[in-house]
Amino acid sequence: MDRERLVQQLTAVVGDAHVLTDPAVRASYETDFTGRYTGRARCVVRPADTAEVAAVLRLCHGSGVPVLPQGGNTGLVGGSVPGPDGGEVVLSLRRLTGIGPLDPDARRITVGAGLPLAALQRHLRPLGWEFGVDLAARDSATLGGMIATNAGGERVVKYGTTRANVAGVEAVLADGGVLDRLAGLPKDNTGYDLTGLLVGSEGTLAVVTRARLRLVPHLPHRVTALLALDSLASAIAVLGRLRLLESLELAEFFTADGLALVLERSGLPAPFRSAHPVHLLVECAGRRDPSGELAELLEEADVREVAVALQDADRRRLAAYRERHTESINAAGIPLKLDVTVPLAALPGFVADLPALLAGRGSPYVFGHLAEGNVHVNLLGVAPADEEAVTEAVLDRVAAAGGSISAEHGIGRAKAPYLHLTRSAADIAVMRSIKAALDPTGLLSPHTLLPTDA
Ligand code: MLT
Ligand code: ZN
């Protein structure tokens, strides 16, 4: 079908204002927020509800046009931007921001895929509830995008990843059919877990339009501590002790280089008088003040210096040293981002090996979610000609350590060529069969995870 005719038909579904064809208006949908991944859309369509999403997909399916679902466009592996050929319709879910009634007895709420995480948090907290997943990109990341990527973030140590916090979804299939698994019953053994399958499928199997979320009680008493440590090994040892605490919600690490860059770019004052090799940011929360039990466990820990905060504003100030890594690195250049996980025991060795693996090709900033061994290897200054070799060297080392080449950002288009490093041929064959069953003509997110052209 010619482009003009499809645009007219899409306009009839979503209205003139919500089919974006002007390149200047489309631009923010075509480049990711790091500036690394960019592409060209046939047009951007912004439906208002599930019926409109289904109608858009029916039209695209009928005309054999590929579709790229997009949430907040804060993904970090190029899965949220179209390919270079201008073939895809970008399907922005950002207008699906509905919030259903809270069901406190079942501890559930139903929300639209386009709702930003921070908006959900603002809605839930005064009602005494929380969504267990939290991350630094909370203002722009949408629930649908978090579901598509099975986002992890900062509180996995207590609440698990997005998959553990989503009870059910509604999703539109490639041909426009609607899959309704929104009931999200706590017990339901009636065959394949389609919700679990769609979480983390990166928009390749269906377009999530609504989600039934599991909620956890908002714990009013919180303490945040920033610990300065000798080494990553000692951070792991301290974390081992702190994990005795049921109140532990967060354990994030960063190194001296990352902190120096954050201070330089943000203008924040240094947290300690002297520099330290490694920092561990921890947070405990409870119905009663958890600061006593945290202090008790820290008394015998091998810690160089500690800063503790109880008030929200002070806690946020400490958290900023970790949360502002991404924006500070972005401000310094376009990073090569390698989000990986390695078994905790192998983590210090992996980080120590990085300089040798890089052999001078770029400056590494390592930080991340310690309890899961989830390291964000962010590299600045890698020459374009070296990017592939550097990526391969780091990901090979991750595979050799028994880790995963993607901990929480997904595969997107960035890591599709490396999927075989930590998924077997049998795994990938099963994934391809699932893709073929749900999207036989390969129209959804064609450059992501299992590229149809690979
Ligand atoms: C974070 O945890 O801040 C992000 O997932 C990491 C990144 O920007 O690489
Ligand atoms: Zn992260």
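Computed from a predicted structure; not experimentally measured.

Asks: Is there a simple way to explain the pattern of salt bridges in this structure?
Replies: As a working rule, side chains carrying opposite charge can pair if their charged atoms are close by. This structure, assessed with the given rule, holds 24 salt bridges. The closest approach of N and O atoms between arginine 138 and aspartate 134, which form a salt bridge, is 2.9 Å. Of the two residues, arginine 138 and aspartate 134, neither departs from the other in class, the shared state being buried. Between glutamate 323 and arginine 138 there is a salt bridge, and its shortest N-O distance comes to 2.7 Å. On the criterion of sequence distance, the pair formed by glutamate 323 in helix α12 (residues 312-323) and arginine 138 in the loop between β6 (129-130) and α5 (143-149) is long-range, its members being 185 residues apart.

Asks: Mind showing me how you'd approach the coordination of the zinc ion (ligand 2) here?
Replies: As a benchmark, a tetrahedral metal site with four donors has ideal angles of 109.5 degrees, while an octahedral site with six donors has ideal angles of 90 or 180 degrees. In this structure, His369 (NE2), His376 (NE2) and Glu408 (OE) serve as the protein donors to the zinc ion (ligand 2), at separations of 1.9 to 2.2 Å. On the primary sequence, the residues serving as donors to the zinc ion (ligand 2) are separated as H-x6-H-x31-E. For the residue pair histidine 369 and histidine 376, the accessibility class agrees, reading buried in each case.

Asks: Looking at this structure, I do not really get the environment of serine 234. What am I missing?
Replies: Tracing the backbone through its elements, the reader meets serine 234 in helix α9 (residues 232-242). Sequence separation between serine 234 and aspartate 302 is 68 residues, and the spatial gap between their C-alpha atoms is 7.1 Å. Ignoring any residue separated from it by four or fewer positions in sequence, one finds serine 234 in contact with Leu229 and Asp302.

Asks: Can you walk me through the sheet that holds strand β1 (residues 19-20) in this structure?
Replies: Backbone hydrogen bonds are what pair the strands of a sheet, in a parallel or an antiparallel way. In space, the four strands of this open sheet follow the order β1-β2-β4-β3, with mixed pairing throughout. A strand with exactly one partner marks an edge of an open sheet, and here the two such strands are β1 and β3 (67-70). Where β1 meets strand β2 (residues 41-45), two bridges bridge the pair, whose relative direction is antiparallel. The residue bridging leucine 20 from the neighbouring strand is valine 44, located in β2. The sheet contacts of helix α1 (residues 3-14) involve β1, β2 and β4 (88-92), and relative to β2 the element is tilted by about 10°. Across the sheet, helix α2 (residues 23-30) is in contact with β1, β2, β3 and β4; its angle to β2 comes to roughly 85°.

Asks: Sorry if this is basic, but what is going on with the pairing of strand β5 (residues 108-112) here?
Replies: Successive side chains on a regular strand alternate, one facing one side of the sheet and the next facing the other. A large share of β5 lies buried, amounting to five of its five residues. Residues Arg108, Thr110 and Gly112 line one face of β5 and the alternating positions Ile109 and Val111 line the opposite face, and both faces are buried. Pairing analysis gives five bridges linking β5 to strand β9 (residues 207-214), with the strands arranged antiparallel. Following the sheet pairing, valine 111 is matched in β9 by alanine 211.

Asks: It is not clear to me how the pairing of β2 should be interpreted in this structure. Could you clarify?
Replies: Taken across its five residues, β2 has five buried, putting it largely inside the fold. Here four bridges tie β2 to β4, and the two strands are oriented parallel to one another. In the strand pairing of β4, valine 45 is matched with leucine 91.

Asks: Help me understand the sheet that holds strand β11 (residues 221-229) in this model?
Replies: The strand order across the open sheet built from seven strands is β14-β11-β13-β12-β16-β17-β15, with neighbouring strands paired in antiparallel fashion. Only two strands of the sheet have a single partner each, and these edge strands are β14 (305-309) and β15 (336-341). Taking the axes of each pair of neighbouring strands and ignoring which way they run, one obtains an average angle of 15° across the sheet. Note that β15 and strand β17 (residues 374-380) share six bridges and pair antiparallel. Following the sheet pairing, leucine 336 is matched in β17 by leucine 379. This element, α9, spans β11, β12 (248-255) and β13 (278-286) of the sheet and lies at about 10° to β13. Sitting on the sheet, helix α10 (residues 256-266) touches β12, β13, β16 (363-369) and β17, and the angle it makes with β12 is about 90°.

Asks: Is there a simple way to think about unusual backbone geometry in this case?
Replies: Note: most peptide bonds trans; most residues except glycine with negative phi. Phi angles above zero are rare outside glycine, and arginine 107 is one such case at about 60°. Within the secondary structure, arginine 107 is located in the loop between β4 and β5. At leucine 449, a residue that is not glycine, the phi angle is positive and equals roughly 60°. On the basis of relative accessibility, which here comes to 10%, the residue leucine 449 falls in the buried class.

Asks: I tried to follow the site of ligand 1 on my own but got confused; where do I start?
Replies: Taken together, Leu76, Arg322, Thr326, Lys337, Phe367, His369, His376, Asn378, Glu408 and His409 make up the full set of residues near ligand 1. One of the side-chain N or O atoms of threonine 326 is found 2.6 Å from an oxygen atom in ligand 1. In this structure, an oxygen atom belonging to ligand 1 sits 2.7 Å away from a side-chain N or O atom of lysine 337. Coverage of ligand 1 by the protein amounts to 89% of the 280 Å² it exposes when considered alone. Put simply, the parts of the chain that give the shell around ligand 1 at least two residues each are β16 and β17.

The rules behind these values
Residues numbered from 1 in each chain as written. Chains lettered and ligands numbered in written order. Predicted model: local features only at pLDDT ≥ 70, side-chain atom pairs only at ≥ 80, totals over all residues. Heavy atoms only, no water. Salt bridge = Lys/Arg side-chain N within 4 Å of Asp/Glu carboxyl O. Buried < 20%, exposed > 50% of the residue type's maximum accessible area, 1.4 Å probe, protein only. Helix = DSSP H or I, 4+ residues; strand = E, 2+ residues; numbered from the N terminus. Donors = N, O, S within 2.8 Å, 3.2 Å for Na, K, Ca; no water. Contact = heavy atoms within 4.5 Å. Pairing = 2+ DSSP bridges. Axes fitted to C-alpha atoms, helices over the stretch in contact; angles between N-to-C directions. Near = heavy atom within 4 Å. Polar contact = N/O pair within 3.5 Å; in protein donor to acceptor, adjacent residues only side chain to side chain. Areas by Shrake-Rupley, 256 points an atom, 1.4 Å probe, with all protein chains shown as cover.

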